[in-house]
Amino acid sequence: GEDVEQSLFLSVREGDSSVINCTYTDSSSTYLYWYKQEPGAGLQLLTYIFSNMDMKQDQRLTVLLNKKDKHLSLRIADTQTGDSAIYFCAEGRSDDMRFGAGTRLTVKP
Amino acid sequence: DGGITQSPKYLFRKEGQNVTLSCEQNLNHDAMYWYRQDPGQGLRLIYYSQIVNDFQKGDIAEGYSVSREKKESFPLTVTSAQKNPTAFYLCASSAGAPYTEAFFGQGTRLTVV
């Protein structure tokens, strides 16, 4: 299909790991991104991965990429209440960027 | 500080009016984009511009217009032809294609009253 797909909601307890999953559409996408949006604000780039990589780690964030299945995941270790936000997966194409609908992460104390 | 600025943060429009949303960047980026965000949906591309004096329609351009007379500025006009304009509008810029990291403004929430 044409859409980047994500589940809409995820709830975890503080201190647990969060895993947000995404499937994208264009196998020729060069970059894949994770953005974070807090209420009433713009999107903030969290991390990105080149399409020729399988994994990227950046402090508490781990991105896994399965090109064969066009599947991308974001793992947040030791999730904190400040991580509560909407997380968008996006694929970078030659002319534009396509976003998923966003996963709302709720972190319970 | 380099960045991308949208104004105003909140905007109210009466039915039948045109309104213009401002987007300015001082990042020296060639490419600029306008997205619309509705609850429970991803960002949908309205218009984009890869270079000054040139722009292309995105997926939902009907009822919108843009201009790119200066590299720093990419204003979006929501015309009266847009039947459901109430939404959160996000402007972004990037260094250029192939699509590199996009920097977003803080958004403008437009409400029709």
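Our structure is the block above this text.
Residues numbered from 1 in each chain as written. Chains lettered and ligands numbered in written order. Predicted model: local features only at pLDDT ≥ 70, side-chain atom pairs only at ≥ 80, totals over all residues. Heavy atoms only, no water.

(A) Broad picture of the overall build of chain A. Per the secondary structure count, chain A includes 0 helices and 11 strands. Along the chain direction, N to C, the helices and strands of chain A fall in the order β-β-β-β-β-β-β-β-β-β-β. Taken over C-alpha atoms, the radius of gyration comes to 13 Å for chain A, in line with the 13 Å a tight globule of 109 residues would show. Dimensions along the principal axes, computed over C-alpha positions, put chain A at roughly 40 × 30 × 20 Å. Scored against the burial criterion, the 109 residues of chain A give a buried share of 45%. Taking contacts inside chain A between residues at least 6 apart in sequence as the whole, the part at least 24 apart equals 54%. If you sum the accessible surface of chain A, you get close to 5,400 Å²; carbon and sulfur atoms cover 46% of it. (Helix = DSSP H or I, 4+ residues; strand = E, 2+ residues; numbered from the N terminus. Rg over C-alpha atoms; globule rule 2.2 N^0.38 Å. Buried < 20%, exposed > 50% of the residue type's maximum accessible area, 1.4 Å probe, protein only. Contact = heavy atoms within 4.5 Å. Areas by Shrake-Rupley, 256 points an atom, 1.4 Å probe, with all protein chains shown as cover.)

(B) Molecular detail of the interface of chain B and chain A. Tallying the contact residues gives 23 residues for chain B and 21 residues for chain A. Summing both sides of the interface, chain B and chain A together bury roughly 1,700 Å²; the carbon and sulfur share of this comes to 55%. Where chain B meets chain A, there are 1 salt bridge. Where chain B meets chain A, there are 5 residue pairs in polar contact (both at pLDDT 80 or more). Looking at the side of chain B that touches chain A, the elements with two or more residues in it are strand S4 (31–37), strand S5 (43–51) and strand S9 (87–94) of chain B. When the residues that make up the side of chain B that touches chain A are grouped by side-chain class, the tally is 12 nonpolar, 8 polar and 3 charged. (Buried area = accessible area lost by both parts, 1.4 Å probe. Salt bridge = Lys/Arg side-chain N within 4 Å of Asp/Glu carboxyl O. Polar contact = N/O pair within 3.5 Å; in protein donor to acceptor, adjacent residues only side chain to side chain. Nonpolar A, V, L, I, M, F, W, Y, C, P; charged D, E, K, R; others polar.)

(C) Broad picture of the sheet that holds strand S1 (residues 5–6) of chain A. All names here are of chain A. The strand order across the open sheet built from 5 strands is S1-S3-S8-S7-S6, with neighbouring strands paired in antiparallel fashion. At either end of the open sheet lies a strand with only one pairing partner, and these are S1 and strand S6 (55–58). Sheet analysis places strand S3 (residues 18–23) next to strand S8 (residues 71–76), joined by 6 bridges and oriented antiparallel. When the sheet's bridge partners are listed, Ile20 is paired in S8 with Leu74. (Pairing = 2+ DSSP bridges.)

(D) Structural view of the pairing of strand S5 (residues 43–50) of chain A. Residues and elements named next belong to chain A. Across 7 bridges, strand S4 (residues 31–37) lies against S5 in antiparallel orientation. Paired with Tyr33 across the two strands is Tyr48, which belongs to S5. Joining the antiparallel neighbours S4 and S5 is a turn of 5 residues, in which Gly40 adopts a positive phi near 70 degrees.

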